[in-house]
Amino acid sequence: MSYRIINGKPFAVEEISSLHSVKNERINKNNKTDSDSFKNYLNSEIKKNESYTVSAHAGERLKAFQLDSSDYKRINEGFNMAERKGSKNTVILYKNIAFIASVENRTLITAVEKQRAKDNVYTNIDSLVIL
């Protein structure tokens, strides 16, 4: 009887053929999972340009601004414009409100009204989008 060492464990040669069929079954299952996960990834990438995340801090600030769905769509357009230009962190100016956003993560970090923004300095941004 012959033995082979695979990953530090001895296997009889007859057992290897059964291991090979089990491995092929795993590959087939993984390919199905991979294609399913690719489909999910592709759908998430397609939807990525249609949405963004609002941080908890920005969410608290947005309650005071009385924005509607068309306003949120315009802000999303600001994300898309900044992304097309290769921006990473941006300030989106819209209706006397400055939205500080991470374009890479598609996240609205905070929002500041014009009256509260006086004497403030915005750092670590690489672009400004005026809507």
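Look a little higher up for the structure.
Let me begin by describing the structure that accompanies this report. (Residues numbered from 1 in each chain as written. Predicted model: local features only at pLDDT ≥ 70, side-chain atom pairs only at ≥ 80, totals over all residues. Heavy atoms only, no water.)

Concerning the side chain of Thr107
For the record, the criterion: Only DSSP runs of H or I reaching four residues or more are called helices, and only runs of E reaching two or more are called strands; each is numbered from the N terminus. Accessibility here uses a 1.4 Å probe with only protein chains present; expressed as a share of the type maximum, an area under 20% marks a residue as buried, one over 50% as exposed, and anything in between as partly exposed. Note on contacts: a residue pair qualifies if any of its non-hydrogen atoms lie within 4.5 Å across the two residues.
Looking at the element boundaries, Thr107 is found in strand β6 (residues 107-113). Residue classification places Thr107 among the buried positions, given a relative accessible area of 18%. Contact partners of Thr107, with chain neighbours within four places excluded, come to Thr53, Ser55, Phe79, Ile100, Ala101 and Ser102.

Concerning the environment of Glu113
Among the secondary structure elements, Glu113 is positioned in strand β6. As a C-alpha pair, Glu113 and Asn96 span 17 residues in sequence and 6.1 Å in three-dimensional space. Once residues within four sequence positions are removed from consideration, Glu113 is found in contact with Phe65 and Asn96.

Some details on the sheet that holds strand β5 (residues 97-102)
As a reminder of what qualifies: At least two bridges found by DSSP between two strands are what make those strands a pair.
Strand order in the open sheet made by the five strands is β3-β6-β5-β4-β7, with mixed pairing throughout. Where the open sheet ends on each side, the last strands, each with one partner, are β3 (53-54) and β7 (127-130). Inspection of the sheet shows β5 paired to β6 by six bridges, in the antiparallel sense. Residue pairing in the sheet places Ala101 in a bridge with Leu108 of β6.

Details of the environment of Arg116
Note that Arg116 resides in the loop between β6 and β7. Residues Arg116 and Ala98, 18 residues apart in the sequence, show an inter-C-alpha distance of 10.0 Å.

Points about the nonpolar core
Put simply, the test is: Throughout this description, the term nonpolar core refers to a set of buried Ala, Val, Leu, Ile, Met, Phe, Trp, Tyr and Cys residues connected via side-chain atoms within 4.5 Å.
Judged by nonpolar contacts, the single largest core of 17 residues is most densely connected at Leu62, Leu67, Ile75, Phe79, Phe99 and Leu108. Taken together, the elements giving at least two residues each to this core come down to α2 (56-62), α3 (69-84), β4 (89-94), β5 and β6. Excluding residues that lie within four positions of it along the chain, Leu62 makes contacts with Val54, Leu67, Tyr72, Phe99, Leu108 and Ala111.

Re α3
Under the convention used in this document: The span you would expect from a helix comes to 1.5 Å times its residue count less one.
Its 16 residues give α3 an end-to-end C-alpha distance of 23 Å, which sits within 8% of 22 Å, the value for a rise of 1.5 Å per residue. Taken together, the buried positions of α3 are Asp71, Ile75, Asn76, Gly78, Phe79, Asn80 and Ala82. Of the residues flanking the end of α3, it is Gly86, one or two places downstream, whose phi is positive at about 85°.

Some points on the pattern of salt bridges
As a reminder, the rule being used: Note on definitions: salt bridges are taken to be side-chain nitrogens of Lys or Arg within 4 Å of carboxyl oxygens of Asp or Glu.
Applying the stated rule across the entire model yields four salt bridges. Of the charged contacts in the structure, one is a salt bridge between Glu77 and Arg74, with a shortest N-O distance of 2.8 Å. With Glu77 and Arg74 both in helix α3, this residue pair falls three residues apart, about one helical turn. Overall, Glu77 belongs to the partly exposed group, its relative accessible area being 36%. Linking Arg106 and Glu83 is a salt bridge whose minimum nitrogen-to-oxygen distance equals 3.4 Å. Pair noted here: Arg106 is in the loop between β5 and β6 and Glu83 is in helix α3, with a separation of 23 residues, a long-range link.

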